[in-house]
Amino acid sequence: MSSAPVFFHVDLDAFFASVEQMDNPGYKGKPVIVGAAPGHRGVVSACSYEARKFGVHSAMPISEAFRRCPQGIYLPVRMKRYAEVSGVVMGILGEFSPDVRPISIDEASLDMTGTSLLFGPPLGTAEKLKTQVRSRAGVPLSVGIAQNRFLAKMASDFKKPDGLYEVRPGGEEAFIDAVGLPKIWGLGKKTLERLSAIHLDTLAKLRQMGEDSLKSLMGQATGNFLYNAIRGRDIGMYSDTAKSHSISHETTFPEDTSDWEIISLSLLDLSHQVMYRLFAENGKSRTVSIKYRYSDFSTFSCQTTLNHLVASAEELYETGVKLLKAKWNPQVPLRLIGIGFDKVQPGEGSQQELFPTAYDRKGMVEKAVFNMQQKAGEATPVKASLLQRPRRGRR
Ligand SMILES: [Mg+2]
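Residues numbered from 1 in each chain as written. Predicted model: local features only at pLDDT ≥ 70, side-chain atom pairs only at ≥ 80, totals over all residues.

Things to note about the overall build of the chain
Within the chain one finds 16 helices and 13 strands. Here the chain, with 395 residues, has 40% of them falling under the buried criterion. Intrachain contacts of the chain at a sequence separation of at least 6 include 65% that bridge at least 24 residues. (Helix = DSSP H or I, 4+ residues; strand = E, 2+ residues; numbered from the N terminus. Buried ≥ 20, exposed ≤ 12 C-beta atoms within 10 Å, placed from the backbone. Contact = placed C-beta atoms within 7 Å.)

Some remarks on the sheet that holds strand β1 (residues 7-12)
Spatially, five strands are ordered β5-β6-β1-β7-β8 in an open sheet, and the strand pairing comes out mixed. At either end of the open sheet lies a strand with only one pairing partner, and these are β5 (100-104) and β8 (164-166). The mean angle between the axes of side-by-side strands here comes to 15°, regardless of whether they run parallel or antiparallel. As paired strands, strand β7 (residues 141-146) and β8 are joined by three bridges and run parallel to one another. The partner of Val143 across the bridge, within β8, is Leu164. With respect to the sheet, helix α7 (residues 149-158) is in contact with β1, β6 (107-111), β7 and β8, its orientation differing from that of β7 by roughly 140°. (Pairing = 2+ DSSP bridges. Axes fitted to C-alpha atoms, helices over the stretch in contact; angles between N-to-C directions.)

Things to note about the nonpolar core
With 95 residues, the main nonpolar core has Phe8, Phe15, Ile33, Cys47, Leu110 and Ile145 as its most contacted residues. If you tally residues by element for this core, the top one is helix α13 (residues 260-280), at 10 residues. Leave out the neighbours within four places in its chain, and Leu110 touches Phe7, Phe8, Val10, Leu93, Phe96, Ser97, Asp99 and Val100. (Core = buried A, V, L, I, M, F, W, Y, C linked by C-beta atoms within 7 Å.)

Digging into the packing of helix α1 (residues 15-23) against helix α4 (residues 79-94)
Between α1 and α4, the least distance of the axes is 10 Å, while the angle of their chain directions is 90°. Between α1 and α4, the interaxial angle falls into the category roughly perpendicular. Along the contact surface, α1 presents Phe15, Phe16 and Val19, while α4 presents Arg81, Tyr82 and Val85. (Parallel < 35°, antiparallel > 145°, perpendicular 65-115°, else oblique.)

Considerations on the packing of α13 against helix α14 (residues 313-327)
Here α13 crosses α14 at 135°, and the two axes come no closer than 8 Å. Here α13 lies oblique to α14, going by the angle between them. In the packing of α13 onto α14, the handedness of the crossing is right-handed. Packed against α13, whose contacting residues are Ser264, Leu267, Leu268, Ser271, His272, Val274 and Met275, the element α14 presents Ala313, Leu316, Tyr317, Gly320 and Val321 at the interface. Each residue belonging to the contact of α13 with α14 can be placed in one class, and the counts come to eight nonpolar, four polar and no charged. (Left-handed = near helix turned anticlockwise from the far one by under 90°. Nonpolar A, V, L, I, M, F, W, Y, C, P; charged D, E, K, R; others polar.)

What to know about the environment of Phe150
Examined against the element boundaries, Phe150 turns out to sit in helix α7. In this structure Phe150 comes out as buried when scored by C-beta crowding, with 27 C-beta atoms within 10 Å. Distance from Phe150 to Ile184, taken between C-alpha atoms, is 9.6 Å for residues 34 residues apart in sequence.

Describing the pairing of β1
Taking burial as the measure, the six residues of β1 include six buried ones, the bulk of the element. In β1, alternate side chains face the same way, and those of Phe7, His9 and Asp11 on one face and Phe8, Val10 and Leu12 on the other are all buried. Bridge analysis of β1 against β6 gives five bridges, and the strand direction is antiparallel. Of the residues in β6, the one forming a bridge with Val10 is Ala108. In the sheet, β1 pairs with β7 via six bridges, with the strands oriented antiparallel. Bridging from a neighbouring strand, Val10 pairs with Val143 of β7.

Concerning the environment of Pro102
Tracing the sequence through the fold places Pro102 in strand β5. As for Pro102 and Ser246, which are separated by 144 residues in sequence, their C-alpha atoms are 9.9 Å apart. Among all residues touching Pro102, those that are not within four sequence positions of it are Met90, Ala108, His245 and Glu281.

Concerning α7
Among the 10 residues that make up α7, eight are buried, leaving the element largely enclosed by the rest of the structure. Within α7, the full set of buried residues consists of Arg149, Phe150, Leu151, Ala152, Lys153, Met154, Ala155 and Ser156.

Re the sheet that holds strand β3 (residues 44-47)
Taken in spatial order, the three strands line up as β3-β2-β4 in an open sheet, and their pairing is mixed. Either end of the sheet is taken by a strand with one partner, and the two such strands are β3 and β4 (73-75). Between one strand and the next, the sheet's axes are offset by a mean angle of 25°, whatever the strand orientation.

Considerations on unusual backbone geometry
Omega for the bond connecting Lys160 with Pro161 falls within 30 degrees of zero, at -5°, which places this linkage in the cis form. Notably, Ala14 is not glycine yet its phi reads approximately 40°, a positive angle. Along the polypeptide, Ala14 turns up in the loop between β1 and α1. Residue Ala59 is not a glycine yet carries a positive backbone phi of 75°. Examined against the element boundaries, Ala59 turns out to sit in the loop between α2 (49-52) and α3 (62-68).

Now the structure itself:
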């Protein structure tokens with residue numbers, strides 16, 4: 001028993017597609033593709049491993065996916081349902097560690113340091129964790145174990161799907177060798193091209209370079225990252241900032257549009273999805289961001305930080321509308337719109353406020369509905385609030 005650092009990285013396998021396969025057992029073992037509808041624009045949000053065999057992958061245009069896999073089962077994104085399942089998973093993870101950092105809807109980093117006294121050695125604990133998630137949340141997952149979050153993240157990817165891999169202390173460099181230079185997390189295509197251009201294209205060659213030489217060749221940040229990453233050392237990933245992260249959703253319009261009715265209704269729908277994600281992971285935020293892409297693919301984003309926590313989907317929506325109206329040139333149609341929270345922190349929202357505003361009351365209703373759905377364990381989307389156009393805020 002020791003208290004050497006231990007981290008788990010948990011990554012749900014093909015998450016959206018796995019939820020669809022859980023909810024519709026007839027889809028099990030079949031190529032399930034979640035995203036835009038074939039014949040329309042937009043991309044693959046997620047696909048099952050059966051679909052990946054056809055060369056389909058996430059972010060691929062849906063038309064290309066359909067060309068490769070016409071026999072696939074094409075389904076729309078049901079974000080509220082995924083947020084519910086994600087909430088169940090995060091709850092289970094919380095039974096294993098007091099420090100669970102959600103990285104995204106289907107990923108989390110857990111500090112397991114010192115838990116061996118409670119649970120036993122990490123590998124067995126990870127097996128238990130996997131069993132709990134599979135039986136109670138119903139979705140498959142992969143877990144990586146290592147002495148730092150960076151290696152744990154790569155270890156979770158190493159045996160996917162349904163993977164479990166532990167990088168043992170002392171085995172860091174050997175693990176990086178097994179992963180291979182191109183697949184080191186955080187190493188971009190441009191950096192790889194640059195390394196190749198200067199003939200520093202193997203791990204062995206790179207490890208012969210001193211940190212200062214790497215910095216002068218590649219720049220301070222990249223040089224520092226490379227020097228540590230190839231040795232399997234912590235690259236500072238998630239260490240300070242990850243307690244705060246972002247939650248956002250975006251949508252591609254069926255056609256480019258300047259129609260405010262369509263744009264604002266999309267923003268409202270997205271705001272509800274984002275707010276449910278925030279509830280699901282028990283987060284809070286004051287910072288609202290929007291993203292918009294014009295028909296020529298030029299893409300912009302901006303954000304604003306309120307002096308209070310955002311209390312409801314409606315407040316998120318109205319803040320997003322203000323941001324968009326201040327920036328958007330309505331002469332140019334939009335192709336895509338997105339909205340989200342930045343700097344999400346763990347913890348409850350502003351429900352305990354002494355004098356609740358209209359937004360706070362709305363938020364309480366939204367949260368109550370969310371909790372009911374969590375308990376019922378079923379996907380009952382709240383459509384009423386979406387159909388009702390919100391009034392102007394008073395805050
Ligand atoms: Mg995943």
